[in-house]
Amino acid sequence: MKKSSSRGFGTALLLFILGLIAGTVVAVLLHTLTTGKFENGYLLDLPSWLLGALVAVVAFLYALIGYYGVVKGLLWQVAGTLLGALFVTALRAALGMPYSDMNTFWFTESAWVTGVMVGTLFFLAGVGAITDWYKMALGQTVSEHHTDVPGFRKYFGVSLDHKVIGIQYTFTSLLLLSVGGLFALVFRTELAQAGMQFLSIELYNTLMSLHGMVMIVSILLGIAGVMNYLVPMMIGAQDMAFPRLNAFSFWIAIPAAVILLSSLALGGFDTGWTGYPPLSVRAPLGMSMFFVGVWVAGWSSILGALNLIVSVLRLRAKGMIAFRMPIFVWAATATSIISLTATQMIGLAFQLVLFQRLLGMPFFDSTKGGNPILFQHLFWFYSHPVVYVFVLPGLGVISELLPVFVRKPLFGYKWVAMSSLGIALVGFLVWAHHMFASGMNEYLRVPFMFSTLLVAVPTGVKFFSWVATLWQGKLVRDLPTPMLFVLGGIVVFLLGGLTGPPNATVSTDLHLTDTYYIVGHFHDTMFGGYIFPFFASIYYWFPKATGKRLNEKLGKWHFWLMTPSFLILTLFMMRVGLLGMRRRIGDYDPAMGFGLWQMAMTIAAFLIAAAILIFFYNIYLTVKSGENATGNVWKSRSPEWQVPSPMPVYNYEHEFEVVGEPYDYGLPGSVYVKINSEEV
Amino acid sequence: MQKNVHHYVIMSVLVIVVTILTYWGLNVLGLMPVQASSQAVQIDWLFDIEVKLIAFFFALIMVPLCYSLVVFRQKEGDETDAEHIEGNTPLELTWTAIPLVIVIALGIIGADNLRQIKTVDPQAIEIKVIAQQWKWLFQYPEGFSSTKLYLPVNQQVDLKMQSQDVIHSFWVPEFRISQDVVPGSIEDYRITPNLLGNYKVRCNEMCGKNHAYMESDVLVVSQADYKTWVGTQALSAKATEMASAGKPDAGRGQTLYQESGCPACHSLDGSKGIGPTWKGLFQSQVKLTTGSSVLADDAYLTESIKLPQAKTVAGFSVNAMPNFSYLTDGQVADLVEFIKTIK
Amino acid sequence: MAHQHDSGSLRQGFVIFIILAFLTFIEYVIAITNQSVLLLTIVAIVKSGMVLYYYMHISKLGENEDSTDHHSAEWKLVTNRLGFWLFILSDAFLFAGLLTTRFNLLGFTRPDLDRNLGLIVTGVLLISSFFMNRAETQMAHGDQKGFLISTSITMLLGIGFLAGVVGVEWQRAPFSAGDSAMSAVFYMMTGMHAFHVLTGVIFLGVVLNNARKGLYTAENHWAVEAATVYWHFVDVVWIFFYPALYLIGRLVQ
Ligand code: HEA
Ligand code: HEA
Ligand code: CUA
Ligand SMILES: [Cu+2]
């Protein structure tokens, strides 16, 4: 923090605490007044606690940045939600329908759903993400170029600069990672022993389900952050193709996250992140918040992907032909094809359930001709391909960093590039492998087994090419932190990937499905394919963004604490899963003898959290008093490193031309891009 | 390349060693629970192949990775780049083609394996399984039902499974197979137990609050024991039926209350659960969501059990209560009789 | 570029309209005579292909200029167009999902709807597409007045379509949304489509208003093009929804 704002930070912290207390007290009072009961059946009075947290966050941000940007947006969102809900309530009252439910959450479900939708619009209006479009629609002219407010405040309001937006995304993603991780820590503690110790089973179910979805949203924002930050720089562009749309895509994710988290306070839900009906038709109000939250977040994903594809197609600098793009750009494009199209299907699936909940339209009610399996097809048509959305950017980062650190070209560039597209496209054809035991049409199982197994081929190409890149490469001696995370990512993703084929063959999957073996499989793939590369990219591009380099020693602590703990966590998951531990259970049969394994997993989880806290501390320390690094820290050939850090506002002020191959390390005299400016 | 031959030799040896060690280690650890069905034997056979594959590919990636890390690492004081090698198309083709062949082979083996575990024995015993939040009920062809599943050893059974409410899944880890039970359709589950013992069916699909506790005993007994058990069960079922033929009976109602899973939602002591309490319900005025109220008489109670959606009690959600369509009229009458006794 | 249009393209729009109308009639005949799903599918594909090509000018996506001046209007137009078409592609997945839902739940049965009414609203939408095409062509000619008139007619026809579907069909349908999967599918498909028509009408309203202010020229009218493409896209959706709801399958009692 800068000197000038450090007093602000202290005040902000104070306000945070005061806000937490005040908000909670007010909410408890309200709750007691309206229901005549002091608590809500949970250990803590969760709704009040959450409202308190919201007040606290807003108060904190208010002290930091004033009535501006996200503060304004959040306040408007609350107002909009109330307005929308009150409107529906009034309408219902006028029509003589039951219009309120004092016993539970004051408003009816339809009022809540409408409310949060209106709230989303209000947020966007309040934060200022749609002001320009509104003016355009009225035929007014808006300025072409954007200027940001100076200082760190620009990160809290609408900025059209892709670098600012990238950092906003990344920061939000880390925040959600912490929240989702915190949920995991809470329910893991409950799982440490058999029996229910301190959570009610409803709360366990809610936390577990929210953990899944919050983490997934966190990933979607995280990859959007990295892609937003890097892709324009890598293709030699000044910004994304549609900067306003870019800002919109980011800002719509904030109300989405708020709505998603609010489900914790509004009764929770108990379906897991998959939300299968008919269970999700019967679940409490929180279910609808989950559906709406994810639906809104989906738009962030769709529009961001659209922007990215257009940018890559239209904004490449001179000479940046397809096969000379940095490999990460290939990965980002492949990812975006999936997000752009498949996301609509999960949106539709969730809308159908919402309509069944709100209007009784029986899409999934088998007594009225509905079909619960249909939901699963629609859901997985998105949710399988999306797992490749999670990992392709990460695998791109691995392919991007390996050559830099082993000082050797990426082995088989074209193959690696095409394998991203291959994975993305084949990924569209495999969704039903999540439904082998679901009772879907039997004849579908074998074809889906084959298509699923096929994904191993392009993924294998990536692994073999990485190994070939490493082979005889001169890996830099001191193994800098980003490189550690790259190597960790390869190993962990390998474990995750190799545990995939046993799920893909139908008969073995019948045993594995819905067990902790699967839980282990996907934590490995997601950590290896996303979390590790994500941390690698933060360590690697932090100097680019800030001109300061993260502390190496703390970085190594982070890595060496997180990796073994994580391996223990997931390998033990697979172990107990094979032996009969089901997913999504808050309590398990002590007779199965999993006690020690479970305890070890919980401890491992806390060690992971400790490692991540070290990482946060590292960021704090570096921003405050980090070692300056404005040059080409990693001796990379990539264009963004050929200009000084932090990156100038319009990236490359000078002529930019691609004249060579991106990864020609070890070829004396070769150049990748020519930027007519002074050398760094 | 010539000067590098020893690297490749060492690496290949290491790959083989690590593959064997990994596979051996996993086997010593023991990955699966006991095999209690002939299908389990088949499935474990396929799984074993996959473990071998995993061990091999794990070694194939990890060994050169670690080897490069140790052997080729930048030497002290060496600032130069590595040798400029861009790629090698034949090599890329090889490591595309070989995994392709492997996965196709795996797919064929997998399809065949699936066919084997689905082999149908026309002599199979058919048992009806009813899944509901959060319990299992097994109805035997001899006309009685049980909350425990007794199965004869070495005899294929065909479970005809149906769900009353949401999706559940029938899984006995020792049998290796799970199958979802989707409301609105009847799912087949064929298994041939081959090992005497006590196991548990564990619901393997998230089905709401008490999903974790949706477990029932599965007992695999000898064929003779099975016959005896079925005989006695059938007899006692007949006996109770004869004893009170025709008239509803609160005692039987109480048993049904337990067996059918009503306690999950309805308390007898006045406390509010997922559904309204039954205490003092009979002859009370029940407030409905429509705003009107209705007298809780025989007809209303019967309707509430048979068609739970018909009228919804204020403060509860319409779809919460499952359909109990499998209950006979006599059983519903028993339940109503029991409700009358809760004052 | 837009100003290549001449009065020939007005005539072309008319000819295409006649063919589309004829095909719509053929569909109807197929439906009441032999009910061949294959034929109906082929006709729908032909119709949508014609709209995509002649009305939505999908081939313009291939137009690319190599200028590296990323500030030129020309360059921006091509970029905007690409972005907008990608949005349409994304939206198309939503409607494909709805069609999947329809065929999964209802198979080859269909709801008991008034086929004549279906034909009428389909006709209304088709005519609106004709005027939309006309409006765009006129704008490209610099015929501002003609544009205003054609666009207004398009909007009115759009509102007429909404009135026909939501105002008449929804009220007359012999079932309500909660009755069965069939009724739910019907309301969902028509509702989602009607929502798009509504946004299209609003979009046209905005464009109309700005055109009155004289913001668009024959060379520079990206917003008009976008509104046009959107409008025709919603029509293309209906080209598939109409047979799926009214023509394909048999009635169930
Ligand atoms: C980032 C996320 C990610 C990734 C990349 C993957 C990758 C794969 N997944 Fe995974 N999967 C999930 C996330 C992911 N998965 C999640 C979240 C779930 C659970 C969802 C839920 O129910 O909540 C899941 C569940 C899941 C299932 C359903 C299980 C069930 O519920 O019953 C299946 C079944 O086929 C499956 C298979 C695969 C396969 C075959 C791959 C392949 O892509 C892996 C390919 C990689 C390799 C194979 C390794 C490298 C290759 C080589 C070294 C070449 C040689 C190898 C061979 C020839 C074998 N996964
Ligand atoms: C990227 C995705 C991701 C990540 C990173 C994680 C991380 C973790 N997951 Fe998660 N998990 C999922 C995605 C993910 N998970 C999904 C999709 C499911 C399926 C849900 C479902 O079944 O529906 C799941 C399910 C799941 C289960 C199964 C639950 C069940 O079936 O009942 C378990 C059990 O142990 C678990 C554990 C953990 C643990 C211990 C971590 C740890 O790695 C967490 C480590 C801790 C942190 C990352 C937080 C660190 C930060 C702080 C401590 C700072 C906090 C401070 C403040 C906020 C001020 N996860
Ligand atoms: Cu039944 Cu889980
Ligand atoms: Cu999958």
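Everything numeric in this text was worked out from a predicted model, so none of it was measured.

Helix and strand counts for chain B come out as 7 helices and 12 strands. For a compact globule of 343 residues, the expected C-alpha radius of gyration is about 20 Å, and chain B comes in at 30 Å, more than 25% above that figure. Residues classed as buried in chain B amount to 47% of the 343 residues present. Between the mean site of the 26 positive side-chain charges and the mean site of the 34 negative ones, chain B shows a separation of 9 Å.

Residue and element names in this part refer to chain B. Taken in spatial order, the 3 strands line up as E4-E10-E9 in an open sheet, and their pairing is mixed. Pairing within the sheet leaves two strands with one partner each, and these edge strands are strand E4 (149-152) and strand E9 (197-202). Averaged over all pairs of adjacent strands, the angle between strand axes in this sheet comes to 30°, irrespective of strand direction. Across 6 bridges, the pairing between E9 and strand E10 (residues 215-221) is antiparallel. Across the sheet, the residue bridging to Val 201 is Ser 216, located in E10.

Residues and elements named next belong to chain B. Taken together, 5 strands build an open sheet; the order of strands is E3-E2-E1-E5-E8 and the sheet is mixed. Since the sheet does not close on itself, it has two edges, and those belong to strand E3 (145-146) and strand E8 (187-191), each with one partner. Taken together, the 5 bridges between strand E5 (residues 157-163) and E8 define a ladder with antiparallel strand orientation. Its bridge partner being in E8, Asp 158 is matched across the sheet by Arg 190.

A few words on the interface of chain B and chain A. Facing 95 residues of chain B, the contacting portion of chain A comprises 93 residues. Across the salt bridge formed by Asp589(A) and Arg202(B), the nearest N and O atoms sit 3.4 Å from each other. If you look at where chain B meets chain A, you find 23 residue pairs in polar contact (both at pLDDT 80 or more). Elements represented by at least two residues in the side of chain B that touches chain A include exactly helix H1 (5-29), helix H2 (38-72), helix H3 (89-117), strand E7 (178-181) and E9 of chain B. Sorting elements by how many residues they give to the side of chain B that touches chain A places H3(B) first, with 18 residues. Partitioned by chemical class, the residues of the side of chain B that touches chain A number 50 nonpolar, 25 polar and 20 charged.

Take the coordination of the iron atom of ligand 2 next. Residues and elements named next belong to chain A. Looking at the metal site, the iron atom of ligand 2 is ligated by His 211 (NE2) and His 523 (NE2), spaced 2.0 Å from it. Note that the iron atom of ligand 2 binds 6 donor atoms; their angles at the metal cover 86 to 179°, and the shape is octahedral. With His 211 in helix H7 (residues 201-234) and His 523 in helix H19 (residues 516-546), this pair connects stretches of sequence that are 312 residues apart. Like His 211, the residue His 523 is buried in the burial classification.

This part is about the coordination of the iron atom of ligand 1. Residues and elements named next belong to chain A. What the protein offers the iron atom of ligand 1 as a donor is a single atom, His 521 (NE2), at 2.2 Å. In this model, the iron atom of ligand 1 sits 4.4 Å from the copper ion (ligand 4). Position of His 521 among the secondary structure elements: in helix H19.

Residue and element names in this part refer to chain A. Taken together, the neighbourhood of ligand 2 is formed by 33 residues, with Arg 188, Tyr 204, His 211, His 523 and Arg 584 sitting nearest. Take His 523: an N or O atom from its side chain is 2.7 Å from a nitrogen atom of ligand 2. Between ligand 2 and Arg 583 there is a distance of 2.9 Å, counted from an oxygen atom to a side-chain nitrogen or oxygen. Contributions of two or more residues to the shell around ligand 2 are made by helix H6 (162-191), H7, H19, helix H20 (552-579) and helix H21 (595-625).

Attention now goes to the packing of H19(A) against H21(A). Residues and elements named next belong to chain A. Contact geometry of H19 with H21 gives a least axis separation of 13 Å together with a crossing angle of 15°. Regarding the angle of H19 to H21, the classification is roughly parallel. Our pair here, H19 against H21, has a crossing hand that is left-handed. Contacts from Phe 535, Ile 538, Tyr 539 and Phe 542 in H19 reach Ile 612, Phe 615, Asn 618, Ile 619, Thr 622 and Val 623 in H21. Residues that form the contact of H19 with H21 fall into these classes: 8 nonpolar, 2 polar and no charged.

The partner chain A presents 37 residues to the 38 residues of chain C that form the contact. Here chain C is connected to chain A by 0 salt bridges. On the surface where chain C and chain A come into contact, there are 10 residue pairs in polar contact (both at pLDDT 80 or more). Of all elements in the fold, only helix H3 (73-106) and helix H6 (181-212) of chain C reach the threshold of two or more residues within the side of chain C that touches chain A. Here the element with the most residues in the side of chain C that touches chain A is H3(C); it accounts for 20 residues. For the side of chain C that touches chain A, the per-class residue count stands at 20 nonpolar, 13 polar and 5 charged.

Take the site of ligand 1 next. As a matter of local geometry, ligand 1 sits amid 31 residues, with Trp273(A), Asp509(A), Thr513(A), His521(A) and Arg583(A) nearest to it. This site is not confined to one chain, since residues near ligand 1 come from chains A and B. Note that an oxygen atom of ligand 1 is positioned 2.8 Å from one of the side-chain N or O atoms of Trp273(A). Contacts to ligand 1 include Asn503(A), whose backbone N or O atom sits 3.2 Å from an oxygen atom. The set of elements that each furnish at least two residues to the shell around ligand 1 consists of helix H12 (372-406), helix H15 (456-470), helix H16 (481-498), helix H17 (501-504) and H19 of chain A. No other element matches H19(A), which puts 5 residues into the shell around ligand 1. Partitioning the shell around ligand 1 into residue classes produces 17 nonpolar, 11 polar and 3 charged.

A separate point is the domain arrangement of chain B. Residues and elements named next belong to chain B. One can read the domain layout of chain B as domain 1 (2-68 + 98-117), domain 2 (125-242) and domain 3 (246-340). Applying the counting rule to domain 1 against domain 2 returns 1 salt bridge. Two residues, Asp 44 and Arg 176, come together in a salt bridge whose shortest N-O distance is 2.8 Å. Broken down by element, the side of domain 1 that touches domain 2 gets its largest block of residues, 6 residues, from H2. Its residues assigned to classes, the side of domain 1 that touches domain 2 comprises 8 nonpolar, 4 polar and 1 charged.

Another point: the confidence of the model for chain B. Averaged over every residue, the pLDDT of chain B is 87; the share at 70 or more is 97%. Taken over the whole predicted complex, pTM reads 0.90, whereas the ipTM for its chain interfaces reads 0.89.

By the definition in use, this model includes 87 aromatic pairs over all chains. Ring geometry for Phe203(C) versus Tyr230(C): centroids 6.3 Å apart, planes at 55°, classification tilted. With Phe203(C) in helix H6 and Tyr230(C) in helix H7 (residues 222-247), the pair connects residues that are 27 residues apart, well separated along the chain. Tyr230(C) sits in the buried class, given a relative accessible area of 9%. Three or more aromatic residues joined by ring pairs make a cluster, and in this case those are Phe485(A), Phe527(A), Tyr530(A), Phe532(A), Phe534(A), Phe535(A), Tyr539(A), Phe559(A), Trp560(A), Phe566(A), Phe615(A) and Phe616(A). Lying over the aromatic face of Tyr665(A), Arg637(A) brings its terminal NZ or CZ to 5.8 Å of the ring centre. One Lys or Arg, Arg102(C), reaches over the ring of Phe103(C) and ends 4.2 Å from the middle of that ring.

The rules behind the values
Residues numbered from 1 in each chain as written. Chains lettered and ligands numbered in written order. Predicted model: local features only at pLDDT ≥ 70, side-chain atom pairs only at ≥ 80, totals over all residues. Heavy atoms only, no water. Helix = DSSP H or I, 4+ residues; strand = E, 2+ residues; numbered from the N terminus. Rg over C-alpha atoms; globule rule 2.2 N^0.38 Å. Buried < 20%, exposed > 50% of the residue type's maximum accessible area, 1.4 Å probe, protein only. Lys, Arg positive; Asp, Glu negative; His and termini not counted. Charge placed at Lys NZ, Arg CZ, Asp CG, Glu CD. Pairing = 2+ DSSP bridges. Axes fitted to C-alpha atoms, helices over the stretch in contact; angles between N-to-C directions. Contact = heavy atoms within 4.5 Å. Salt bridge = Lys/Arg side-chain N within 4 Å of Asp/Glu carboxyl O. Polar contact = N/O pair within 3.5 Å; in protein donor to acceptor, adjacent residues only side chain to side chain. Nonpolar A, V, L, I, M, F, W, Y, C, P; charged D, E, K, R; others polar. Donors = N, O, S within 2.8 Å, 3.2 Å for Na, K, Ca; no water. Tetrahedral: all angles 85-135°; square planar, octahedral: opposite > 155°, others 65-115°. Near = heavy atom within 4 Å. Parallel < 35°, antiparallel > 145°, perpendicular 65-115°, else oblique. Left-handed = near helix turned anticlockwise from the far one by under 90°. Domains from an automatic or database assignment. pLDDT = per-residue confidence, 0-100. Phe/Tyr/Trp six-rings, centres within 6.5 Å; stacked < 30°, edge-to-face > 60°. Lys NZ or Arg CZ within 6 Å of the ring centre and 35° of its normal.

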